[in-house]
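Structural features, examined
The residues making up each chain are set out below.
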Amino acid sequence: MSRHKFIALLSALVLFGTLSSVEASNVGIFGRSLGSKCGLENEEIVQLGGKGGTQMCVMTSKGLIWQDSTYLVANQRLVKTLPKCGVNRFFKVQITSALAKTLSTVATSYFQKQNLLPIKIDLIYGVTLPLNSIGLHPCSNGLGVAIGGWSGSIPSNAKVAWLLAVTHKTNEFGNFLNIYIAQLGGRFVVVGAGTGP
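Now for a look at the structure at hand.

Here we come to the nonpolar core. With 12 residues, the main nonpolar core is built from Leu 99, Leu 103, Val 106, Ala 107, Phe 111, Leu 116, Trp 162, Leu 164, Val 166, Leu 177, Ile 179 and Ile 181. Residue assignment for this core shows that the elements contributing at least two residues are α4 (97-113), β8 (160-171) and β9 (174-184). Sort the elements by how many residues they give to this core and α4 lands first, with 5 residues. Residues Phe 90, Ala 158, Leu 163 and Ala 182 belong to the second largest nonpolar core, which totals 9 residues.

Here it is as structure tokens:
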């Protein structure tokens, strides 16, 4: 065997061995199948394979394991480690007239693109960023009760965010929508919308 082939083979084996150990230690990142190991307790994701429902990284006697969370009932650990489902994710906020104008301009542009003008902004709330970050957020309804949850839409790089309750021109879904506006750097961007907060 030539020296170049030997070095290439040795490099390939070292690389394969390194990648194998990385994959084995991060099954949650690569596989995420039910029953496999995961790395972030109480992380919840949409269940793989188009099965519907969600799966959650739960502490078990075997360590952190992905479990079907669709019908998961809260044990003592989940009650202690999850936020309560009734936690207030929004707060009253005083805003300047300049900020109110900026938020109104962003909201008007958003609804104009959907041909839903005129609009009326009914309320503006501040948003607690960690509780509304992008992804699923499981929560506890109490010991022995099915866990609940909500989804968030605020990017991790947001400086601040607001929830605006907006009445708009009636369409097939009604005339009301909550929108989330986040400040990303120097820009103000609509990052989520829905009929419930």
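In this section: α4. Its 17 residues give α4 an end-to-end C-alpha distance of 24 Å, which sits within 8% of 24 Å, the value for a rise of 1.5 Å per residue. Buried residues of α4: Leu 99, Leu 103, Val 106, Ala 107 and Phe 111, and no others. Taken end-on, α4 shows its buried residues confined to a sector of 130 degrees, consistent with a single buried face. The exposed residues of α4 that point more than 90 degrees off its buried face are Ser 97, Ala 98, Lys 101, Gln 112 and Lys 113. Considering only its buried residues, α4 is in contact with β5 (120-127), β8, β9 and β10 (187-194). With its phi angle positive at about 60 degrees, Asn 115 sits one or two positions after the end of α4.

As a further point, take the state of the cysteines. Between two cysteines, a covalent bond joining their sulfur atoms is known as a disulfide. Scanning the entire structure with this criterion turns up 2 disulfides. The residue that forms a disulfide with Cys 38 is Cys 57, at a sulfur-sulfur distance of 2.0 Å. With the S-S dihedral at roughly 90 degrees, the linkage between Cys 38 and Cys 57 falls on the right-handed side. With a gap of 19 residues between them, Cys 38 in the loop between α2 (27-30) and β1 (44-46) and Cys 57 in strand β2 (residues 54-60) connect regions that are remote in the sequence. In this pair, the class of Cys 38 matches that of Cys 57, namely buried. The partner cysteine of Cys 85 in its disulfide is Cys 139, sulfur to sulfur 2.1 Å. Around the S-S axis, the bridge from Cys 85 to Cys 139 shows a dihedral of about 95 degrees and counts as right-handed. On the criterion of sequence distance, the pair formed by Cys 85 in the loop between α3 (76-81) and β4 (90-92) and Cys 139 in strand β6 (residues 135-139) is long-range, its members being 54 residues apart. Cys 85 sits in the partly exposed class, given a relative accessible area of 23%.

Attention now goes to the pattern of salt bridges. Within this structure, the stated rule accounts for 3 salt bridges. In this structure, Glu 41 and Arg 77 form a salt bridge, with 2.6 Å as the shortest nitrogen-oxygen distance. Of this pair, Glu 41 sits in the loop between α2 and β1 while Arg 77 sits in helix α3, and the two are 36 residues apart along the sequence. Exposure remark for Glu 41: the relative accessible area of 24% places this residue in the partly exposed category.

What counts, and where the lines are drawn
- Residues numbered from 1 in each chain as written.
- Predicted model: local features only at pLDDT ≥ 70, side-chain atom pairs only at ≥ 80, totals over all residues.
- Heavy atoms only, no water.
- Core = buried A, V, L, I, M, F, W, Y, C linked by side-chain atoms within 4.5 Å.
- Buried < 20%, exposed > 50% of the residue type's maximum accessible area, 1.4 Å probe, protein only.
- Helix = DSSP H or I, 4+ residues; strand = E, 2+ residues; numbered from the N terminus.
- Expected span 1.5 Å × (residues − 1).
- Arc of directions from axis to C-beta.
- Contact = heavy atoms within 4.5 Å.
- Disulfide = S-S within 2.5 Å.
- Salt bridge = Lys/Arg side-chain N within 4 Å of Asp/Glu carboxyl O.

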